[in-house]
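# Analysis of the macromolecular model
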Amino acid sequence: MLGGGNKRKIPHMDTLVGHNTKIVGDIYFEGGLHVDGLVEGNVNARDTGSRLSISERGQVQGEVRVPEVMLNGMVKGDVYASERVELGSKAKVEGNVYYNLIRMEAGATVNGKLVHKPGGQPMLALKHEQQKSAEKKEASGTATDDELAATRDPSQGTSNTG
């Protein structure tokens, strides 16, 4: 996808989301996934050898959690690439990019933070998974103050009863 002297083996793409296809809901996959269409939901790899490729026409509206991401389309959400992320010249990310290795071509845009996470450091849990975990701990009485804060609606603020 990104040219240059890259001699990496091109992986087999097991699943294709065609350009006239819209998927509403989360995707969990193994192997390779190529997106030419629209995914309204999170994209998650089930194994460490998985790769996601998003073409110029492809778009994901949700979080991406895949070891290897090759992006030349758009992601509206955070990208977590535990191995590597390649941003082509037409790539657009509206969210943070968490990466181990990154390759970014001129023209690619990221409207968010680039956060380096060296190999071996765990990527963050999905926001809704963090909330569910904190709610379970709160119900059992073992939640910390930080975990309890994650379950509160920020618009509600805090109240002091005295």
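Residues numbered from 1 in each chain as written. Predicted model: local features only at pLDDT ≥ 70, side-chain atom pairs only at ≥ 80, totals over all residues. Heavy atoms only, no water.

For the rest of this paragraph, the subject is the overall build of the protein chain. Scanning the protein chain from terminus to terminus reveals two helices and 16 strands. A sequence separation of at least 24 residues applies to 14% of the contacts in the protein chain between residues at least 6 apart. Accessible area of the protein chain: about 9500 Å², with a carbon and sulfur share of 48%. (Helix = DSSP H or I, 4+ residues; strand = E, 2+ residues; numbered from the N terminus. Contact = heavy atoms within 4.5 Å. Areas by Shrake-Rupley, 256 points an atom, 1.4 Å probe, with all protein chains shown as cover.)

Reading fine detail from the predicted coordinates is not recommended where pLDDT is low. For the protein chain, mean pLDDT is 82; residues scoring 70 or higher make up 68% of the total. Predicted confidence for residues 1-5 stays below pLDDT 50, and this span has 12 contacts to residues more than four positions away or in other chains. Across residues 154-162 the pLDDT falls below 50, and counting only partners more than four positions away or on other chains, this stretch makes zero contacts in the model. (pLDDT = per-residue confidence, 0-100.)

Examined against the element boundaries, Ser-53 turns out to sit in strand S7 (residues 51-54). Contact partners of Ser-53, with chain neighbours within four places excluded, come to Met-13, Leu-33, His-34, Val-35 and Met-70.

Read from one edge to the other, the open sheet built from six strands follows the order S2-S5-S8-S11-S13-S15, with strand pairing classed as parallel. Either end of the sheet is taken by a strand with one partner, and the two such strands are strand S2 (22-24) and strand S15 (109-110). Two strands pair when backbone bridges link them, and strand S8 (residues 59-60) and strand S11 (residues 74-75) are joined in this way by two bridges, in the parallel orientation. Bridging from a neighbouring strand, Gln-59 pairs with Met-74 of S11. (Pairing = 2+ DSSP bridges.)

The next subject is the nonpolar core. Leu-33, Val-43, Leu-52, Val-64, Val-69 and Leu-71 are the most contacted members of the largest nonpolar core, which has 24 residues in total. For this core, the secondary structure elements donating two or more residues are strand S3 (27-29), strand S4 (32-35), S7, strand S10 (68-71), strand S12 (79-87) and strand S14 (97-104). At four residues, S12 tops the list of elements feeding residues into this core. If we ignore the near neighbours within four places in the chain, the residues touching Leu-52 are Phe-29, Leu-33, Val-35, Val-43, Val-64, Val-66, Glu-68, Val-69 and Met-70. (Core = buried A, V, L, I, M, F, W, Y, C linked by side-chain atoms within 4.5 Å. Buried < 20%, exposed > 50% of the residue type's maximum accessible area, 1.4 Å probe, protein only.)

In this section: the pattern of salt bridges. Side chains that differ in charge, positive against negative, can pair when their charged atoms come close. Here the structure, examined in full by the defined rule, presents five salt bridges. The residue Arg-57 makes a salt bridge to Asp-36 at a minimum N-O spacing of 3.9 Å. Pair noted here: Arg-57 is in the loop between S7 and S8 and Asp-36 is in the loop between S4 and strand S5 (38-40), with a separation of 21 residues, a long-range link. As a salt-bridge pair, Arg-51 and Glu-68 come within 2.3 Å of each other at their nearest N and O atoms. In this pair, Arg-51 sits in strand S7 while Glu-68 sits in strand S10, placing the two residues 17 residues apart along the sequence. Look at Arg-51 and you get buried, because its relative accessible area is 8%. Assessed through its relative accessible area of 12%, Glu-68 is described here as buried. (Salt bridge = Lys/Arg side-chain N within 4 Å of Asp/Glu carboxyl O.)

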